[in-house]
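# What the coordinates show
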Amino acid sequence: MNCLSWKLCVTIMRLVILDNYDLASEWAAKYICNRIIQFKPGQDRYFTLGLPTGSTPLGCYKKLIEYHKNGDLSFKYVKTFNMDEYVGLPRNHPESYHSYMWNNFFKHIDIDPNNAHILDGNAADLQAECDAFEKKIKEAGGIDLFVGGIGPDGHIAFNEPGSSLVSRTRLKTLAMDTILANAKYFDGDLSKVPTMALTVGVGTVMDAREVMILITGAHKAFALYKAIEEGVNHMWTVSAFQQHPRTIFVCDEDATLELRVKTVKYFKGEH
Amino acid sequence: MRGGQGAVRAPVLQFTNCRILRGRALLWEDLWVRGGRILDPEKLFFEERRVADEQRDCGGCILAPGFIDVQINGGFGVDFSQATEGVGSGVALVARRILSHGVTSFCPTLVTSPPEVYHKVLPQIPVKSGGPHGAGVLGVHLEGPFISREKRGAHPEAHLRSFEANAFHDVLDTYGSLDNVRIVTLAPELGRSHEVIQALTARGICVSLGHSVADLQAAEEAVQSGATFITHLFNAMLPFHHRDPGIVGLLTSDRLPRGRHIFYGMIADGMHTNPAALRIAHRAHPQGLVLVTDAVPALGLGNGRHTLGQQEVEVDGLTAYVAGTQTLSGSIAPMDVCVRHFLQATGCSVESALEAASLHPAQLLGLEKRKGTLDFGADADFVVLDDSLHVRATYISGELVWQAEEARQ
């Protein structure tokens, strides 16, 4: 990463393309690692990180864990805020996002449990839980870097097509596409798949000082095309980040398959 | 203290850099312990928002549930069947010494003895939790005297008995109190055995079939009456025959009560069972195999003559005989040796070998929620093993109770 070109790029959208999933994961992890270290977090100065779940960020989490185990990266002064959680799924269910974060990240690092925030999908008052989450983010001083993914239908977190681009953390009913896609994690039994979730809003993520979207795989290519080459619109909610001052899309080659050659060359030239 | 409110403030111990036996598989996972029990770290993180107070690096070792020996007659010179005043201290000595074999719970076993011995000895062997003082006592295993004359093996003929006359009352008269009894081995072909089996089972005592000439049908009826175990399969019973498999046939019987299967003890010391026979039993019914030592007082002692029950035995290397005969008189192979031999002889997975010495005996005794497992909430009784399954350290209730010399700093 060239320091000079980074400064010139600081207020535009970047598209970083790596050859494959592993390299994309490593690039993203290194970026997060460097941001935390450069920030110099300490007792009165926590780095706030927004985090995703799903299969895309797994490689990135593995790399972050590796950097931690090597002694290069500590999460002692990092606060995390996850994007979403299913409603009505027991916290210790193997498919809950609490379980995902514990098994794939938290149990391997040195984060203070009080600083790992995930929405509680079993709260008595779900909207109050969402409001409290927004408040916690505010009290933490806002999010320094929000890491996210993109659904095949262009959604970010559970902001399904049609979600308001200025939405805040709230309860959402899941789109049928999402439920069908999730069935494989619930023994293929549609009746077992949660139909509702608590999610940060598009507006919530847009408030972050910096956003990094991870997109890998050919099945995400169309969504990336819609997000980057078409206009900002609420049917493809990731498109909102065209208007964010500091966003990076980290992709592998397969995810760029639906982009114009011209677009790819443009961003590769920038890079 | 285990469980309860005090445990919440107890320190949290995290064993790292290890593979643990959980969910029938060996996983690279940390083992968390608090208040003598296995702790769920995810629950600790999200609900209590706490981390470990102490971490212990296990050097890549395997952490398995502590071994459970349901058939051991003594060891280190101690004979549980001897009617002495010092039986209590004898049990305590064995309990402490078997920690180095990875055994964290056991059933002291009494061979066929006269009623006076039972009346004197049984009250001196109460059920007891394990700890730094030694492995826990789960209850006594009474092997005899209601067994077959023909298949008595090393048991003294003079003290064999039947319960034909008064069934369960004969049993009570012989043993005295059953309070400390966990397992009774008997021969089901003896008259009125069904009443006795039902009465024992009703009191929560595990009934085992052994030292018997029963055919398969008699054995199946005994299981239908409540028997759940076979004492040292193949030894002291009719050999397998293709038209009447005898007790051995229980392993594949289709006439057992629904949802239940038979457990069977195997002495995998390389002596009592030919490896091919061990493999046949294991392949036929792997889920029921329970490794036992059937160790005699000569366990841990050198060559020479020693006392077992009312008889003398001769130890020669890895073998013990009834003095002056060629009849095997129990094994002197420690439990960890049995586990390693079982693994090597059957070619089974490490997980299977470990379960045969921990999970299966726990299931036999209905203790599988607390013992024989590293599931959350279970007692933190476990053994640290290297890749060749040699014991490096033993823990009871999360406390280190034994450690190999080279492991000590």
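Rules used throughout
- Residues numbered from 1 in each chain as written.
- Chains lettered and ligands numbered in written order.
- Predicted model: local features only at pLDDT ≥ 70, side-chain atom pairs only at ≥ 80, totals over all residues.
- Heavy atoms only, no water.
- Axes fitted to C-alpha atoms, helices over the stretch in contact; angles between N-to-C directions.
- Helix = DSSP H or I, 4+ residues; strand = E, 2+ residues; numbered from the N terminus.
- Parallel < 35°, antiparallel > 145°, perpendicular 65-115°, else oblique.
- Left-handed = near helix turned anticlockwise from the far one by under 90°.
- Contact = heavy atoms within 4.5 Å.
- Nonpolar A, V, L, I, M, F, W, Y, C, P; charged D, E, K, R; others polar.
- Domains from an automatic or database assignment.
- Buried area = accessible area lost by both parts, 1.4 Å probe.
- Salt bridge = Lys/Arg side-chain N within 4 Å of Asp/Glu carboxyl O.
- Polar contact = N/O pair within 3.5 Å; in protein donor to acceptor, adjacent residues only side chain to side chain.
- Buried < 20%, exposed > 50% of the residue type's maximum accessible area, 1.4 Å probe, protein only.
- Arc of directions from axis to C-beta.
- UniProt positions renumbered as here; feature names shortened; annotations may be inferred.
- pLDDT = per-residue confidence, 0-100.
- Pairing = 2+ DSSP bridges.

Another point: the packing of helix α2 (residues 21-39) of chain A against helix α3 (residues 58-69) of chain A. Residues and elements named next belong to chain A. Where α2 contacts α3, the two axes come as close as 8 Å, and the packing angle between them is 50 degrees. On the basis of the axis angle, α2 is oblique to α3. Our pair here, α2 against α3, has a crossing hand that is right-handed. Facing Tyr21, Ser25, Glu26, Ala28, Ala29, Lys30, Ile32 and Cys33 of α2, the residues of α3 in contact are Leu58, Gly59, Cys60, Lys63, Leu64 and Tyr67. For the contact of α2 with α3, the residue count by class is nine nonpolar, two polar and three charged.

Here we come to the domain arrangement of chain B. All names here are of chain B. Splitting chain B by domain gives domain 1 (12-64 + 374-403) and domain 2 (66-365). Inter-centroid distance (C-alpha atoms) of domain 1 to domain 2 is 30 Å. Across the boundary between the two partners, domain 1 contributes 20 residues, which contact 24 residues of domain 2. Regarding the contact of domain 1 and domain 2, the summed buried area is about 1,700 Å², with carbon and sulfur atoms giving 68% of it. Summed over the three residues of domain 1 that lose the most area to domain 2, namely Arg24, Leu389 and Ile396, the buried surface amounts to 36% of that side. On inspection of domain 1 and its partner domain 2, the count reaches one salt bridge. Notably, a salt bridge pairs Glu355 with Arg24, separated by 2.8 Å at the nearest N-O pair. For the interface between domain 1 and domain 2, the tally reads seven residue pairs in polar contact (both at pLDDT 80 or more). When residues of the side of domain 1 that touches domain 2 are traced back to their parent elements, those giving at least two are β3 (25-28), β7 (62-65), β22 (382-385), β23 (391-396) and β24 (399-403). If you tally residues by element for the side of domain 1 that touches domain 2, the top one is β23, at four residues.

What follows is about helix α5 (residues 168-175) of chain B. All names here are of chain B. For α5, the set of buried residues is Phe168, Asp170, Val171, Thr174 and Tyr175. Angularly, the buried residues of α5 cover 155 degrees about the axis, an arc narrow enough to put them on a single face. For α5, the exposed residues lying more than 90 degrees away from the buried face are His169 and Asp173.

Further remarks concern the environment of Ile147(B). Looking at where Ile147(B) falls in the secondary structure, it is placed in the loop between β13 (140-143) and α5. Sequence separation of Ile147(B) and Asp179(B) is 32 residues, and the distance between their C-alpha atoms is 22 Å.

So, about the UniProt feature "binding site: substrate" (unreviewed entry) in chain B. Residues and elements named next belong to chain B. As recorded in UniProt, the sites labelled "binding site: substrate" (unreviewed entry) are Ala154, Asn235, Ala236, Arg243, His272, Leu328, Ser329 and Gly330. In sequence the annotated residues extend across 177 residues, and in space they extend as well, their farthest C-alpha pair lying 29.9 Å apart. Among the secondary structure elements, Asn235 is positioned in the loop between β16 (229-230) and β17 (263-266). In this structure, Asn235 is in contact with His272 and Thr273, ignoring residues within four places of it in sequence. Following the sequence through the fold, His272 ends up in the loop between β17 and α8 (275-284). You can call His272 buried: its relative accessible area is 12%. Sequence-distant contacts of His272, that is, excluding residues within four places in its chain, are made with Asn235, Ile267, Leu328, Gly330 and Ser331.

This part takes up the interface of chain B and chain A. Across the boundary between the two partners, chain B contributes eleven residues, which contact twelve residues of chain A. Between chain B and chain A, the buried area comes to about 1,100 Å², and carbon and sulfur atoms account for 59% of it. Across the chain B-chain A interface, the total number found is two salt bridges. Ionic pairing is found between Glu29(B) and Lys107(A), a salt bridge with its closest N-O pair at 2.9 Å. Seen at the junction of chain B and chain A, the total is five residue pairs in polar contact (both at pLDDT 80 or more). Here the side of chain B that touches chain A is composed, by residue class, of five nonpolar, no polar and six charged.

As a further point, take the confidence of the model for chain A. Mean pLDDT over chain A works out to 92, with 95% of the residues at or above the 70 mark. Contacts for the low-pLDDT stretch residues 1-9 of chain A, under 50 throughout, to residues beyond four places or in other chains number eight contacts.

Residue and element names in this part refer to chain A. Taken together, seven strands build an open sheet; the order of strands is β1-β10-β9-β6-β2-β3-β5 and the sheet is parallel. For this open sheet the edge positions go to β1 (14-18) and β5 (116-117), each flanked by a neighbour on one side alone. Taken together, the five bridges between strand β9 (residues 211-215) and strand β10 (residues 247-252) define a ladder with parallel strand orientation. Its bridge partner being in β10, Ile213 is matched across the sheet by Phe249. The strands touched by α2 are β1, β2 (47-51), β3 (78-82), β6 (145-148), β9 and β10; relative to β10, the strand with the most contacts, the crossing angle is about 150 degrees.

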